[in-house]
Amino acid sequence: MKIAIIGAGIAGLAAADELSRAGHDIVLHDKGRGAGGRMSTRRAQTPSGKCRWDHGAQYFTVRSEAFRTRLKPLMDAGAIAQWSPRLVTAETAEGRWTFAERSLEDEMFVGTPSMNALIKAMAETHKVHWSSRVMAIETDGAVKTLVLEGGGRDGPFDAVVCAIPAEQAASLLEPVSPRLASEASGVRSAPCWAAMLAFEGDVGVDWDGASVRQGPLAWVARDGSKPGRGNAETWVLHATPEWATASLDLAPQEAADLLARAFIELIGAPSPVYSAAHRWLLAKVESGVGEAFGWDANASIGAVGDWRIAPRVEAAWQSGHSLGEFLSR
Ligand code: FAD
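These numbers were taken from a predicted model, which means no experiment stands behind them.

## Focus on the site of the ligand
Around the ligand sit 35 residues in total, of which Asp30, Arg38, Tyr59, Asp306 and Val313 are the nearest. A distance of 2.9 Å separates a nitrogen atom of the ligand from a polar backbone atom of Val134. Within the contact set of the ligand, an oxygen atom lies 2.7 Å away from a side-chain nitrogen or oxygen of Asp306. Notes on the ligand: free accessible area 1000 Å², of which the protein chains cover 94%. Listed by contribution, the elements that provide at least two residues to the shell around the ligand are helix 1 (10-21), strand 18 (274-285) and helix 8 (313-328).

## Quick look at the domain arrangement of the chain
Taken domain by domain, the chain consists of domain 1 (1-33 + 130-187 + 288-329) and domain 2 (41-64 + 80-115 + 189-285). Each of domain 1 and domain 2 has a C-alpha centre, and these two points are 31 Å apart. With 13 residues of domain 1 in contact, the opposing surface of domain 2 contributes ten residues. Taking both sides of the interface into account, the surface hidden between domain 1 and domain 2 amounts to around 950 Å²; carbon and sulfur atoms contribute 56%. At the boundary of domain 1 with domain 2, the tally comes to zero salt bridges. Applying the counting rule to domain 1 against domain 2 returns four residue pairs in polar contact (both at pLDDT 80 or more). Within the residue set of the side of domain 1 that touches domain 2, elements represented by two or more residues are helix 4 (166-173) and helix 8. The dominant element in the side of domain 1 that touches domain 2, judged by the number of residues it contributes, is helix 8, at four residues. Class assignment of the residues belonging to the side of domain 1 that touches domain 2 gives a composition of six nonpolar, three polar and four charged.

## Digging into the sheet that holds strand 20 (residues 301-303)
The strand order 9-2-1-13-20-19 describes an open sheet built from six strands, whose pairing is mixed. Looking at strand neighbours, the two that pair on one side only are strand 9 (127-129) and strand 19 (294-296), the edges of this open sheet. Averaged over all adjacent pairs, the angle separating strand axes in this sheet is 20 degrees, with direction ignored. In the packing of helix 8 onto the sheet, contacts are made with strand 13 (159-162), strand 19 and strand 20, and the angle to strand 19 comes to roughly 35 degrees.

## Describing the nonpolar core
If you look at the biggest cluster of nonpolar residues, it comprises 46 residues, and the most contacted ones within it are Ile5, Ile10, Met39, Phe60 and Leu118. With seven residues, the single largest contributor to this core is helix 1. When we break this core down by domain, the ones giving at least three residues each are domain 1 (1-33 + 130-187 + 288-329) and domain 2 (41-64 + 80-115 + 189-285). Not counting chain neighbours up to four residues away, the residues in contact with Leu118 comprise Ile10, Met39, Phe60, Leu71, Leu74, Ala79 and Ile80. In terms of nonpolar packing, the next biggest core, distinct from the first, is built from 28 residues, Leu197, Ala239, Ala244 and Leu266 among them.

## Section: helix 1
A rise of 1.5 Å per residue sets the reference length of helix 1, with its twelve residues, at 16 Å; its end C-alpha atoms lie 16 Å apart and thus fit the reference within 8%. Burial within helix 1 is extensive, with ten of its twelve residues counted as buried. Those residues of helix 1 not exposed but buried are Ile10, Ala11, Gly12, Leu13, Ala14, Ala15, Ala16, Asp17, Glu18 and Leu19. Of the surrounding secondary structure, the elements contacted by the buried residues of helix 1 are strand 1 (2-6), strand 2 (25-29), helix 2 (65-76), helix 3 (116-123) and helix 8. Backbone geometry just after helix 1 places Gly23 at a positive phi near 95 degrees.

## Considerations on unusual backbone geometry
That bond from Gly155 to Pro156 is cis: its omega, -5 degrees, falls within 30 degrees of zero. One non-glycine residue, Asn231, adopts positive backbone phi at about 60 degrees. Inspection of the secondary structure assignment puts Asn231 in the loop between strand 16 (217-222) and strand 17 (234-239). Positive phi outside glycine occurs at Ser300, with the angle close to 55 degrees. The topology assignment puts Ser300 in the loop between strand 19 and strand 20.

Scoring rules and cut-offs
Residues numbered from 1 in each chain as written. Predicted model: local features only at pLDDT ≥ 70, side-chain atom pairs only at ≥ 80, totals over all residues. Heavy atoms only, no water. Near = heavy atom within 4 Å. Polar contact = N/O pair within 3.5 Å; in protein donor to acceptor, adjacent residues only side chain to side chain. Areas by Shrake-Rupley, 256 points an atom, 1.4 Å probe, with all protein chains shown as cover. Helix = DSSP H or I, 4+ residues; strand = E, 2+ residues; numbered from the N terminus. Domains from an automatic or database assignment. Contact = heavy atoms within 4.5 Å. Buried area = accessible area lost by both parts, 1.4 Å probe. Salt bridge = Lys/Arg side-chain N within 4 Å of Asp/Glu carboxyl O. Nonpolar A, V, L, I, M, F, W, Y, C, P; charged D, E, K, R; others polar. Pairing = 2+ DSSP bridges. Axes fitted to C-alpha atoms, helices over the stretch in contact; angles between N-to-C directions. Core = buried A, V, L, I, M, F, W, Y, C linked by side-chain atoms within 4.5 Å. Buried < 20%, exposed > 50% of the residue type's maximum accessible area, 1.4 Å probe, protein only. Expected span 1.5 Å × (residues − 1).

Structure, rendered in structure tokens:
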């Protein structure tokens, strides 16, 4: 079959891997300028030099044997590595923060030298059109065509797989598969503000990541402590979903300043020499559909993504991989 996949995040690429292996002809379209999706990397010139931050997914687990097997060649090629951070939980009582060490529940992995390296490496073996936003899927009998932003079209395809966040999938799927659209529209995702900071010198903490028990911060991590980042004093701060929801309309620099101030209060850090923020409108799925993938056999349309299972990289991969396996039987 000739199959179009909308979205070249880890779910779309996992489906592409399996379907190509089975001999199908695969084309991916992704609206992003480069590889990453929610495993993106931001780069900037700062007074401390060129810096980069994983401002979306921070790390991923590798619990299943199938995922481990898929990642082995990428690990051997240096596109991913294990990250063994020192983690703490930060709690506050009577205005004082305390930091309790916590053990790693799982092995933690990251792309190297940045999170999007995994997506880049996976995308290299496929035909991916970047900066290509799909506006609609048209069907004429068994034939499907993608309508692209700017008026272009791509097709004909025998099948289409939607590998984009649920809320965005719902509107693309509605005219072609009301059942899959209705599953997608039942999913809610919480937003997240991510701040990216750079410091001139050591900020003076002896840990690399903290789960913070009181907002506005939910998670802070020394990005530079991940493998391949040269120990830069770069930090990523993630806001709580509650704070992000209440602060959706902030200008990015305003959000960066507020989160940086909370970080300075948390650890007594000096002021950063650089700060910026990114708003993820659809960051984390609050509850998934509960089935690894959706397949509408009448329409030859599929749906994959983290929203089928859980808001995690490994779940997104599992979703795409499962649909690929199903269609390759
Ligand atoms: P995405 O990565 O979102 O990929 C979808 C792709 O579709 C994107 O590349 C997008 O550009 C493209 N697209 C969307 N609409 C269109 C369109 N109309 N046309 C063409 N292309 C389109 N997971 C973890 O395991 N560990 C973590 O620590 C972690 N932290 C996170 C922190 C944040 C702030 C965020 C945002 C996510 C985090 N996650 C984490 C979740 C993880 O990033 C996701 O579960 C996973 O990356 C989802 O992959 P996906 O392929 O389903 O979707």
